[in-house]
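# Chain and residue survey
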Amino acid sequence: MAEKIIRVRRRRKIRPFPGVESLPIFGRHLSPARIAFLIGATALAIILGVVFFSYGSKLYNQWRETRLLQQATSTLQQGKFQQAAQTAREVLELHPDSLPAFHILAEAAEKRNLEETVSWRAQIARLLPNDLDSQLNLASAALRFGQLDIARKALNHVPSDDRDRAAFHVVAGWLARAEGNLTEQEQQFAAAVKKEPGNDLYQFNLAALQIRSADEEKSATARANLERLSKLAPFRTGALRALLNHAAERSDFDAADTLAQQLQMSQQVTFADYLLCLNFYRKLDQEKFEALLEKVKPFAARNPSDLALLMDWMNNNGLAAEVLKWLDKLPSEITTRPPVAITVAEAFAEMKNWSRLKRWTRTGSWKDADYLRLAYQAFGARQSRQSIADAEFASLWRAAERAANEQPDREIKLARLATKWNLSIEAEQLWSSVSRNPPTRREALDTLYRLYRANNEIKKLYNVLQRLHESSPNEPAITANLARLGLNIDQNTLEAQKLAKEAYDRAPNDVNCAVTYAFSLYGLDRTAEGLEIIKNLPPDQLHDPHAAVYVALLLLDENQTEAAQEYIEAAERGPIYLEEKKLLGEAKAKLAPASPTPSPSPSPAPTPASTP
């Protein structure tokens, strides 16, 4: 029977579907239907596997990210900033745009005073472009590390609806300060106080600025606010400093004496505060000054940084000889190393003791400050007037520049020394390099402006004014200077006329801005309008030699020759710029053949204005 069954099974054949061959599986052949089912099941299993793996992996990554963020937050709160930052970086490997991770990295970097704070704040601002706090935090961080361009861009990204918030005005005020625009700084701080009058920090910022104001009412209000704030612990020391400075400037010695004593007893007193008190006592009472100096000396000797600060103060206040006498009583292991070694070299330079300066800087190493050792050595060589002095100076100075190259913090110190020592060629090269670095750009451009103005290098002067205007476009004085020079040398005349109007609109009572705009109107054949603007200014300011040149020019254009003569004489009494001398010559040439026509001088106005 078994044999029959086997034979029957052998006789049966399974016919596949047309075009489909039977496939052997585990030694068996499957039908096409079975094959289709298995293929479908396998594909479904693969899809489900991929889905479950992907979802499971995502769940795991989310769980891991959460755990890492919790760990990073905990270590940040414990003050373990480096560990917190490392953990947050692991989060970014899982989630490159993790906002919480960027916040942790920014906080950790900020606590360690690292410049990378700015880049982390920038990432947050990128993810939250319309968030006020994110943009202000970025701007504040950028200002802290001198990156003015980034700060300016961050403030420009703040939505217009948020630009009237107190916090915005405060940060904008500090940007204006960094740009050198003190007028705008005051306006921004005042706007912040107006928005939040109960905020003592905003009140302190404004009062510390306005106490030096020429406006008696502003100054009195600021003084009253600082006196109130001096009774509050967070503001006590800062308020006392501002009040002491103001009292000393007004020669109110009784008040300054009381404030100096209070400042010295403050818990937050710094070594710089002792120097502030020394400044005051030197003006008030020689006996008290000498007593305080002797009290401060042993205190300073405990710390090289404080010792260098005190010696530097003494050098700048005519006491370099005392520094050198004190030098012999101090340990050489402190005095021969920076920062003290630098102030000793400065004392030798102040006393013009070139031989000792050269010996002091000839050997040894000042480590990171060795470029300053080379600079002082170069200056000593040059001043020694020996036959090889110029060659020795050039070699040493080049070595100092190489040691400072591409390091703005070094270059700016070297540039300041070159300026102080009247090394105009070396100073120009260094300041030009420093001006490319945002934190030091304003000081560099201001110095180059003075250098080019003193040397009458008009083309370079105009270029520097353009850069100053780009870095501080809302500063009326710079805008007016650029406009007036452009009008004088026929450079970008249309733009100069536009800038003259902008400066006048911002500061109509400033004599520099008003005279520049009047001169612009003169160039547009609108002299009568220009004279009306000038008549609103105080006569004493119009008799400033620079302003008088333009007043004379406008008066002559209106045939007011007698009045013009008065201003020509005023211009001739004082130093004026090269381009103004040319204008004055033109005015005198017009005056010579003209017959005098009596005319009143521009009438005075009660509004005060600053000199150009």
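Structural notes, computed from the coordinates. Since this is a predicted model, take the numbers as computed values, not measurements. (Residues numbered from 1 in each chain as written. Predicted model: local features only at pLDDT ≥ 70, side-chain atom pairs only at ≥ 80, totals over all residues. Heavy atoms only, no water.)

### Re the nonpolar core
L244, L310, W366, Y376 and W397 are the most contacted members of the largest nonpolar core, which has 137 residues in total. The leading source of residues in this core is helix α32 (residues 545-557), at ten residues. (Core = buried A, V, L, I, M, F, W, Y, C linked by side-chain atoms within 4.5 Å. Buried < 20%, exposed > 50% of the residue type's maximum accessible area, 1.4 Å probe, protein only. Helix = DSSP H or I, 4+ residues; strand = E, 2+ residues; numbered from the N terminus.)

### With respect to unusual backbone geometry
In this structure, the amide linkage connecting P338 to the following residue, P339, adopts the cis form with an omega of 5°. Position of P339 among the secondary structure elements: in the loop between α18 (332-335) and α19 (340-350). The phi torsion at N113 lies on the positive side, around 60°, for a residue other than glycine. On the secondary structure map, N113 appears in the loop between α4 (99-111) and α5 (117-127). N113 gets classed as partly exposed once you look at its relative accessible area, which sits at 46%. In this structure, N492 is a non-glycine residue whose phi angle is positive, near 50°. Its location among the elements puts N492 in the loop between α27 (476-488) and α28 (493-506).

### Looking at the packing of helix α11 (residues 216-229) against helix α12 (residues 236-249)
Close contact between α11 and α12 brings their axes to 8 Å; oriented N to C, the two are set at 140°. The hand of the α11/α12 crossing is left-handed. Judged by residue contacts, S219, R223, L226, E227 and L229 of α11 engage R236, A239, A242, L243 and H246 from α12. Among the residues forming the contact of α11 with α12, the class breakdown is five nonpolar, two polar and three charged. (Axes fitted to C-alpha atoms, helices over the stretch in contact; angles between N-to-C directions. Left-handed = near helix turned anticlockwise from the far one by under 90°. Contact = heavy atoms within 4.5 Å. Nonpolar A, V, L, I, M, F, W, Y, C, P; charged D, E, K, R; others polar.)

### Some remarks on the pattern of salt bridges
Counted by the stated rule, this structure contains 30 salt bridges. One salt bridge in this structure joins R121 and E107, with 3.2 Å as the shortest N-O distance. Residue R121 is found in helix α5, and its partner E107 is found in helix α4; the two are separated by 14 residues along the sequence. Relative accessible area serves as the criterion here: at 29%, E107 is assigned to the partly exposed category. (Salt bridge = Lys/Arg side-chain N within 4 Å of Asp/Glu carboxyl O.)

### Let's talk about α4
Compared with an ideal rise of 1.5 Å per residue, which puts 13 residues at 18 Å, α4 spans 18 Å between its outermost C-alpha atoms and is within 8% of the ideal. Those residues of α4 not exposed but buried are A101, F102, I104, L105, A106, A108 and A109. (Expected span 1.5 Å × (residues − 1).)

### Here we look at the environment of K80
With respect to the helices and strands, the residue K80 is situated in the loop between α2 (32-77) and α3 (81-94). Taking relative accessible area as the criterion, K80 reaches 41% and is therefore assigned partly exposed. Measuring from C-alpha to C-alpha, the distance between K80 and A108 comes to 8.4 Å, with 28 residues separating the pair along the chain.

### Quick look at the side chain of Q188
Residue placement: Q188 occurs in helix α9 (residues 182-195). The buried category is assigned to Q188, whose relative accessible area is 14%. Excluding its chain neighbours within four sequence positions, the residues that come into contact with Q188 are H169, A172 and G173.

### With respect to the side chain of E579
Note on placement: E579 falls in helix α34 (residues 578-591). On the basis of relative accessibility, which here comes to 10%, the residue E579 falls in the buried class. A distance of 2.9 Å separates polar atoms of two side chains, one belonging to E579 and the other to R453. (Polar contact = N/O pair within 3.5 Å; in protein donor to acceptor, adjacent residues only side chain to side chain.)

### With respect to the packing of α28 against helix α29 (residues 511-523)
Where α28 contacts α29, the axes come no closer than 8 Å and their chain directions differ by 145°. Between α28 and α29 the crossing geometry is left-handed. Where α28 abuts α29, its residues Q497, A500, K501, A503 and Y504 lie against C513, A514, T516, Y517 and S520. Of the residues contributing to the contact of α28 with α29, the split by class is six nonpolar, three polar and one charged.

### Notes on the packing of aromatic side chains
What the rule picks out here adds up to 17 aromatic pairs. Arranged with centres 6.0 Å apart and planes meeting at 20°, the rings of F271 and F299 form a pair that is stacked. Pair noted here: F271 is in helix α14 (residues 271-284) and F299 is in helix α15 (residues 286-301), with a separation of 28 residues, a long-range link. Note on F299: relative accessible area 34%, which makes it partly exposed. A ring pair is formed by Y376 and W421, whose centres lie 5.2 Å apart and whose planes are at 75°; its orientation type is edge-to-face. Of the two residues, Y376 is situated in helix α21 (residues 370-383) and W421 in the loop between α23 (408-420) and α24 (424-434); the sequence distance between them amounts to 45 residues. A relative accessible area of 10% means that W421 is categorised as buried. The ring of W326 has K297 sitting right over it, with the charged end atom 5.1 Å from the ring centre. When the ring centre of F393 is taken as origin, the NZ or CZ atom of R382, which lies over that ring, is 4.6 Å away. (Phe/Tyr/Trp six-rings, centres within 6.5 Å; stacked < 30°, edge-to-face > 60°. Lys NZ or Arg CZ within 6 Å of the ring centre and 35° of its normal.)

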